[in-house]
Amino acid sequence: MTAAGYRLRRLEALDDAQIEQLADVLIDCVDGGASVSFMHPLSRDRALRFWRRVAEGVALRERALLVAEDALGFCGTVQLLLEQPENQPHRADLAKMLVRRRARRQGVGAALMQAAESAAREHGKTLLVLDAVTDGDAARLYERLGWVRVGAIPDYALFPTGGFCSTTVYYRRL
Ligand SMILES: CC(C)(COP(=O)(O)OP(=O)(O)OC[C@H]1O[C@@H](n2cnc3c(N)ncnc32)[C@H](O)[C@@H]1OP(=O)(O)O)[C@@H](O)C(=O)NCCC(=O)NCCS
């Protein structure tokens, strides 16, 4: 545990207890209004199914999964999608950056991003791509960390309780 009260680690395999905790993180974010592929309310069953699929990708080393853990359990997570088409071996997508509401604004998100970038370098990746809700909390985080804004796609997705939201695409060279 750091002085900040959380520690980061990469999970190479997920057990059931860890999948439960990751479901808690995802449900908390959707409950808080985050547009992260799911509508509200997100059932526990659906969240568990999502993380079980992620676990399969982690076991196959197609995904790198990082978690932040505080005294209460997992409080944040982010993934790198390492498996890409054969003409894009140098690229990874960054996805599902999630920090529980109780742990926000303490640097967990920035620490997860830095850890993900380190993991990407270890895999020989030189280009990262992500998308985020335009002008949201995450977009601010990515811009602060030096990600380059490509452009916005209007009406790309829905907020969890409805209503279109615009998505902005970012990249970062490592
Ligand atoms: C976006 C998200 C991941 C950010 O996580 P976070 O842990 O709060 O991120 P950080 O703490 O690194 O930074 C957030 C803010 O806290 C501030 N902060 C960081 N450490 C701080 C500290 N010790 N004291 C006070 N403020 C601090 C940062 O400056 C930043 O401020 P800003 O929003 O005004 O720019 C989080 O809000 C989240 O999970 N949202 C819902 C899910 C989501 O939208 N995910 C993105 C999908 S693309």
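Residues numbered from 1 in each chain as written. Predicted model: local features only at pLDDT ≥ 70, side-chain atom pairs only at ≥ 80, totals over all residues. Heavy atoms only, no water.

(A) Looking closely at the nonpolar core. One finds L80, M113, Y142 and W147 to be the most contacted residues of the largest nonpolar core, which totals 30 residues. At the level of secondary structure, the elements contributing two or more residues to this core comprise β2 (63-70), β3 (73-81), β4 (91-99), α3 (108-122), β5 (127-133) and α4 (137-144). Looking at this core, the element that brings in the most residues is α3, giving eight residues. Setting aside chain neighbours within four positions, we find Y142 in contact with M97, M113, L130, A132, W147 and Y170. In terms of nonpolar packing, the next biggest core, distinct from the first, is built from 24 residues, V36, F50, A55 and L65 among them. (Core = buried A, V, L, I, M, F, W, Y, C linked by side-chain atoms within 4.5 Å. Buried < 20%, exposed > 50% of the residue type's maximum accessible area, 1.4 Å probe, protein only. Helix = DSSP H or I, 4+ residues; strand = E, 2+ residues; numbered from the N terminus. Contact = heavy atoms within 4.5 Å.)

(B) Molecular detail of the packing of helix α1 (residues 16-31) against helix α2 (residues 44-59). At their nearest, the axes of α1 and α2 sit 9 Å apart, and the two run at 120 degrees to each other. In terms of their interaxial angle, α1 and α2 are classed as oblique. Crossing handedness for the pair α1 and α2: right-handed. On the side of α1, the interface is formed by I19, E20, L22, A23, D24, L26 and I27, while α2 contributes R44, A47, L48, F50, W51, R52 and A55. (Axes fitted to C-alpha atoms, helices over the stretch in contact; angles between N-to-C directions. Parallel < 35°, antiparallel > 145°, perpendicular 65-115°, else oblique. Left-handed = near helix turned anticlockwise from the far one by under 90°.)

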